[in-house]
Amino acid sequence: MKNDLKKTIKYRAWDSSTETMMSHEQVLRHFHGCYEIDFDPFQDEHLTYMQFTGCKDINGVDIYEGDIIEGKGLTFTVTPDFTVRTDNIAKIIGNIFED
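Here the structure is a predicted model, which means the values were calculated and not measured.

## Overview of the overall build of the chain
Thinking step 1. Assigned secondary structure in the chain consists of one helix and seven strands.
Thinking step 2. The helix and strand sequence of the chain, counted from the amino end, reads β-β-α-β-β-β-β-β.
Thinking step 3. Out of the 99 residues in the chain, the part that is buried amounts to 32%.
Thinking step 4. Put simply, of all contacts in the chain between residues at least 6 apart along the chain, 49% involve residues at least 24 apart.

## What to know about the environment of Phe 97
Thinking step 1. The residue Phe 97 is located in the segment after strand E7 (91–95) in this model.
Thinking step 2. On the basis of relative accessible area, Phe 97 is assigned to the partly exposed category, the value being 29%.
Thinking step 3. Excluding anything up to four places from it in sequence, Phe 97 contacts Trp 14, Met 21, Thr 48 and Met 50.

## Considering the sheet that holds strand E5 (residues 67–71)
Strand pairs in the sheet, formed through backbone hydrogen bonds, run parallel or antiparallel to each other.
Thinking step 1. Overall, antiparallel pairing links the three strands, which are arranged E6-E5-E7 in an open sheet. Strands with a single pairing partner mark the edges of an open sheet, and in this sheet they are strand E6 (74–77) and E7. Pairwise comparison of adjacent strand axes, ignoring direction, gives a mean angle of 25° for this sheet.
Thinking step 2. Note that E5 and E6 share four bridges and pair antiparallel. Opposite Ile 69, over in E6, you have Phe 76 as the bridge partner.

## Side note on the side chain of Asp 67
Thinking step 1. With respect to the helices and strands, Asp 67 occurs in strand E5.
Thinking step 2. Here Asp 67 falls in the buried class, since its relative accessible area comes to 2%.
Thinking step 3. A distance of 2.8 Å separates a polar side-chain atom of Asp 67 from the backbone nitrogen of Tyr 64.
Thinking step 4. Sequence-distant contacts of Asp 67, that is, excluding residues within four places in its chain, are made with Arg 12, Asp 62, Phe 76, Thr 77, Val 78, Ile 92, Gly 94 and Asn 95.

## Describing the packing of aromatic side chains
Thinking step 1. According to the stated counting rule, one finds three aromatic pairs in the structure shown.
Thinking step 2. Relative to Tyr 49, the ring of Tyr 11 lies with its centre 6.5 Å away and its plane at 90°, an arrangement referred to as edge-to-face. Linking Tyr 11 in strand E1 (residues 11–15) with Tyr 49 in strand E3 (residues 47–56), this pair joins segments that are 38 residues apart in sequence.
Thinking step 3. Look at Tyr 49 and you get buried, because its relative accessible area is 15%.
Thinking step 4. Considering the side-chain rings of Phe 52 and Tyr 64, the 5.6 Å spacing of their centres and the 50° angle between planes classify their relative orientation as tilted.

Cut-offs used in this document
- Residues numbered from 1 in each chain as written.
- Predicted model: local features only at pLDDT ≥ 70, side-chain atom pairs only at ≥ 80, totals over all residues.
- Heavy atoms only, no water.
- Helix = DSSP H or I, 4+ residues; strand = E, 2+ residues; numbered from the N terminus.
- Buried < 20%, exposed > 50% of the residue type's maximum accessible area, 1.4 Å probe, protein only.
- Contact = heavy atoms within 4.5 Å.
- Pairing = 2+ DSSP bridges.
- Axes fitted to C-alpha atoms, helices over the stretch in contact; angles between N-to-C directions.
- Polar contact = N/O pair within 3.5 Å; in protein donor to acceptor, adjacent residues only side chain to side chain.
- Phe/Tyr/Trp six-rings, centres within 6.5 Å; stacked < 30°, edge-to-face > 60°.

Written out as structure tokens, the structure is:
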């Protein structure tokens with residue numbers, strides 16, 4: 001039986017101190033380097049985390065919270081409650097942090 005509820009958990013992060021987007025791999029390295037007992041990487045004041053929605057755009061690019069997508073004549077920002085019935089119906093044209 002196929003598990004339709006299975007979702008890949010991935011994050012990317014906007015680093016406001018360097019004004020760069022950290023990929024999922026960079027976020028993992030950031031977490032891996034946090035060995036201090038009291039350090040909570042989600043409380044890093046310079047990082048804003050965005051979760052992968054589980055969907056891809058028409059070019060096969062992962063869609064994250066904060067992405068701006070365009071499709072079927074509509075343009076909108078992906079929010080945490082983003083839901084679509086079908087992948088590959090829109091394309092990412094930017095995000096809320098970068099032009």
